[in-house]
Amino acid sequence: MVFPALTLMAKQRAPLAVLPRAEVCAYWVLSLGSHLYSFYQLHIVSKEYEAGLEREFQLEKGFLIWGYKKDPTDFEWSFWSHWAGKSLLWTLLGHAVISRVACVFFPKFRVTALAAYGLLAAYSALGIKGVGVVLVHLGLSLAVAQLCKPALSWSCALLLLYTLHIPQLQEIQRSWYQTEEEYYLLLFSVAVCGLRFISFSLERCCRPLEAGGLQKQLYWLTAYSFYHPLFYNGPILTFNDFLQQTQTPMTECGGRRTCLSLLANAGRICVWWLIAEYMIHFMYMHTIQANETYLEILPPWALGGLALALVQFFYVKYLVLFGVPSLLAELDGLAPPKLPRCVSIMHSFTGMWRHFDVGLYYWLIRYIYIPLGGSRHGLLWKMLSTALAFGFVCLWHGGHDYLQYWAIMNWLGVLVENGMEIFLSSPLVYPLIERHISPAMRRRCLALLSASSTALLILSNLIFLGGTHVGRIMCRRVFIQGFLWGLGHGPGMAMEESLILWSAFLLILRCALDHCLACKSKQGPV
């Protein structure tokens, strides 16, 4: 399989060629048409098997579309929707009120007020024992950070992360709460705070003279860790960024422009929420992917629609989950990481990591990739740095077997992409490409080459979202059976089944053609 030179355009000496308008229009028609038709086919299958899905997974009564049921089996969406209705929306609204009041009347005590409110909000959701767990982790991280030894800070952080997976401790913490949702809220909070503790500790090791005394460090670490909008789920902001941005005086604490911007962003979040809810009313993709029997009997176009719907819902979901806290962070004068980029224009493993969870990406670059040498010490160190970054993400998410497959696929994908970039942009190869292939054709070839990475990127995302059984069935039905039929080595394969090849090709080609339409963008180190 051929892999693309994903940053080759950055090496080109001429700007991207302009393609004929009719060709671009054809790409748009193919892209939108394949989206809509595959979604429609998945909708048809969802309605056809609705009774069976309801018996097995207990579909909920819908509220957004009259007469439609709702697929409740995406854990994250159901979990955060439950907590939003129960308390989080109210505590976030309270944070906004406290922030505005402190900004207007007590600007020197704004950080203190927000830290105190964050502690109280965490106590109201997690209880005194849950907050105690976070404070114990905070205290241990602060104590080890005083030694200014990165290796010790990492050892402490990994041990604390490991405690989240000790069965005996899990049972004790579960006994504190009446529901699993309360325990999982503690689990998510401690895991996200763990990244903040690592950030603080390593910044303390790098700049010991700038950290100040122990009391000052405790104050800022508490304010950073319990900053309410980002406390439970992120996005991730490094300690240095938080410190610098909160210490910078706010130039305005209101005004017409701020209110209009706030309303516009809030309106966008509402639209994203409606889209996410519409998707789980219109297509039961999460219940279908949880059952291998349905995956085996899905028609080809519906199978392609399922893959596309799962990754698109993941994208829209995080627009909401990151959009709400980012909105409040901006109101406080912070600059949160950019929101995820649409997965439909992701054509590389590198781009997926760089542009989806931007905060986590920069965290990994700053605290793992660069300290280990990155690309500065040769290919082997770059491979090791990248492997350890992916390994940490796998461990932080839980370290399950499907996460290991996902991490390995992403690691290999990034390595092969960078290797092909070096090869195709080398002084020996690139002049030949430039001499014999026109700029417009280079753009088309790059898009088509990107389809290989896009195919494997879709597969790795499906493993992450649905588990190994989804990846195994997708790989067999789309890549193996489709490829064999395309080579003429699929004896006995029915005509309907052979269409899997073309539905997969359209799904991959759609992403590749999106790359043709994308603007030239800068690339980063991973």
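Keep in mind it's a predicted model, so treat the numbers as computed, not measured.

## Concerning the overall build of the chain
Alright, step 1. When helices and strands are tallied, the chain shows 23 helices and two strands.
Alright, step 2. A buried classification covers 53% of the 526 residues belonging to the chain.
Alright, step 3. Contacts in the chain between residues at least 24 apart in sequence constitute 76% of all its contacts with a sequence separation of at least 6.
Alright, step 4. Summed over all atoms, the accessible surface of the chain reaches about 25,000 Å², with 68% contributed by carbon and sulfur.

## Regarding the layout of surface pockets
Alright, step 1. Its volume calculated, the largest pocket comes out at about 1,500 Å³.
Alright, step 2. E76, Y318, H397, Y402 and F464 are, among the 49 residues lining the largest pocket, the residues nearest its centre.
Alright, step 3. For the lining of the largest pocket, the leading source of residues is helix 8 (residues 180–206), giving six residues.
Alright, step 4. The residue inventory of the lining of the largest pocket, partitioned by class, reads 30 nonpolar, 14 polar and five charged.
Alright, step 5. Taken as a whole, the second largest pocket encloses approximately 800 Å³ of empty space.

## Some thoughts on the confidence of the model for the chain
Alright, step 1. Summary statistics for the chain give a mean pLDDT of 82 and a share of 86% for residues scoring 70 or more.
Alright, step 2. For the chain, helix 1 (residues 8–11) is the element with the lowest average pLDDT, namely 42, and helix 10 (residues 228–231) is the one with the highest, namely 94.
Alright, step 3. Counting contacts from residues 252–257, a segment whose pLDDT is below 50, to residues more than four positions away or on other chains yields five contacts.
Alright, step 4. The low-confidence segment residues 486–526 (pLDDT under 50) makes 87 contacts with residues lying over four places distant or belonging to another chain.

## Some words on helix 5 (residues 110–145)
Along an α-helix, residues three or four positions apart point the same way, because every turn accommodates 3.6 residues.
Alright, step 1. Given a rise of 1.5 Å per residue, 36 residues ought to cover 52 Å, yet the end C-alpha atoms of helix 5 are separated by just 26 Å, more than 12% below that figure.
Alright, step 2. The axis of helix 5 is deflected most strongly, by about 115°, at G127.

## What to know about the packing of aromatic side chains
Alright, step 1. Applying the stated criterion across every chain, the model contains 34 aromatic pairs.
Alright, step 2. With 5.2 Å between their ring centres and 70° between their planes, Y361 and Y362 make a pair best called edge-to-face.
Alright, step 3. An aromatic cluster is defined as three or more aromatic residues linked by ring pairs; in this entry it consists of F314, Y318, F322, W353, F356, F390, W406 and F464.
Alright, step 4. Over the ring of Y68 we find K47; its NZ or CZ atom is 4.4 Å from the centre of that ring.

## A few points about the pattern of salt bridges
Alright, step 1. By the definition in use, this model includes ten salt bridges.
Alright, step 2. With its nearest N and O atoms 4.0 Å apart, the salt bridge here joins E171 to R174. With E171 and R174 both in helix 7 (residues 167–174), this residue pair falls three residues apart, about one helical turn.
Alright, step 3. Judged by its relative accessible area of 51%, E171 falls in the exposed class.

## Focus on empty space enclosed by the protein
Alright, step 1. Per the stated rule, a full pass over the model turns up nine cavities of 30 Å³ or more.
Alright, step 2. Of the voids in this model, the largest cavity is the one considered here, and its volume is about 190 Å³.
Alright, step 3. For the lining of the largest cavity, the element with the highest residue contribution is helix 8, accounting for eight residues.
Alright, step 4. Among the residues making up the lining of the largest cavity, the classes are represented as 16 nonpolar, five polar and no charged.

## Quick look at the packing of helix 6 (residues 150–162) against helix 18 (residues 379–397)
Alright, step 1. In the contact formed by helix 6 and helix 18, the axes pass within 10 Å of each other and the chain directions differ by 35°. As for the relative orientation of helix 6 and helix 18, their crossing is left-handed in sense. Residues W154, L158 and L161 of helix 6 form the contact with helix 18, whose participating residues are F392, L395 and W396.
Alright, step 2. Residues that form the contact of helix 6 with helix 18 fall into these classes: six nonpolar, no polar and no charged.

## A short note on the side chain of E23
Alright, step 1. For E23, the position within the fold is in helix 2 (residues 21–48).
Alright, step 2. Polar contacts involving the side chain of E23 include one to the side chain of Y27, which spans 2.3 Å.

## Observations regarding helix 11 (residues 239–247)
Alright, step 1. Among all positions in helix 11, only F239, N240, F242, L243, Q245 and T246 are buried.
Alright, step 2. Looking at the buried residues of helix 11, the elements they touch are helix 5, helix 8, helix 9 (214–225) and helix 17 (358–369).

## Here's the deal with the nonpolar core
Alright, step 1. One finds M285, L306, W363, F392 and M474 to be the most contacted residues of the largest nonpolar core, which totals 122 residues.
Alright, step 2. Ranked by residue count, the leading element in this core is helix 15 (residues 300–331), at 19 residues.
Alright, step 3. Discounting chain neighbours no more than four positions away, the residues touching M474 are L303, L306, A307, L459, L462 and F479.

So, how was this worked out
Residues numbered from 1 in each chain as written. Predicted model: local features only at pLDDT ≥ 70, side-chain atom pairs only at ≥ 80, totals over all residues. Heavy atoms only, no water. Helix = DSSP H or I, 4+ residues; strand = E, 2+ residues; numbered from the N terminus. Buried < 20%, exposed > 50% of the residue type's maximum accessible area, 1.4 Å probe, protein only. Contact = heavy atoms within 4.5 Å. Areas by Shrake-Rupley, 256 points an atom, 1.4 Å probe, with all protein chains shown as cover. 1 Å grid on protein atoms, 1.4 Å probe; cavity = no way out; pocket = protein on both sides within 12 Å on 5 of 7 lines; lining within 4 Å. Points joined across faces, edges and corners; volume = space filled by probe spheres on them. Nonpolar A, V, L, I, M, F, W, Y, C, P; charged D, E, K, R; others polar. pLDDT = per-residue confidence, 0-100. Expected span 1.5 Å × (residues − 1). Bend = angle between axes of the 7 residues up to and from the residue. Phe/Tyr/Trp six-rings, centres within 6.5 Å; stacked < 30°, edge-to-face > 60°. Lys NZ or Arg CZ within 6 Å of the ring centre and 35° of its normal. Salt bridge = Lys/Arg side-chain N within 4 Å of Asp/Glu carboxyl O. Axes fitted to C-alpha atoms, helices over the stretch in contact; angles between N-to-C directions. Left-handed = near helix turned anticlockwise from the far one by under 90°. Polar contact = N/O pair within 3.5 Å; in protein donor to acceptor, adjacent residues only side chain to side chain. Core = buried A, V, L, I, M, F, W, Y, C linked by side-chain atoms within 4.5 Å.

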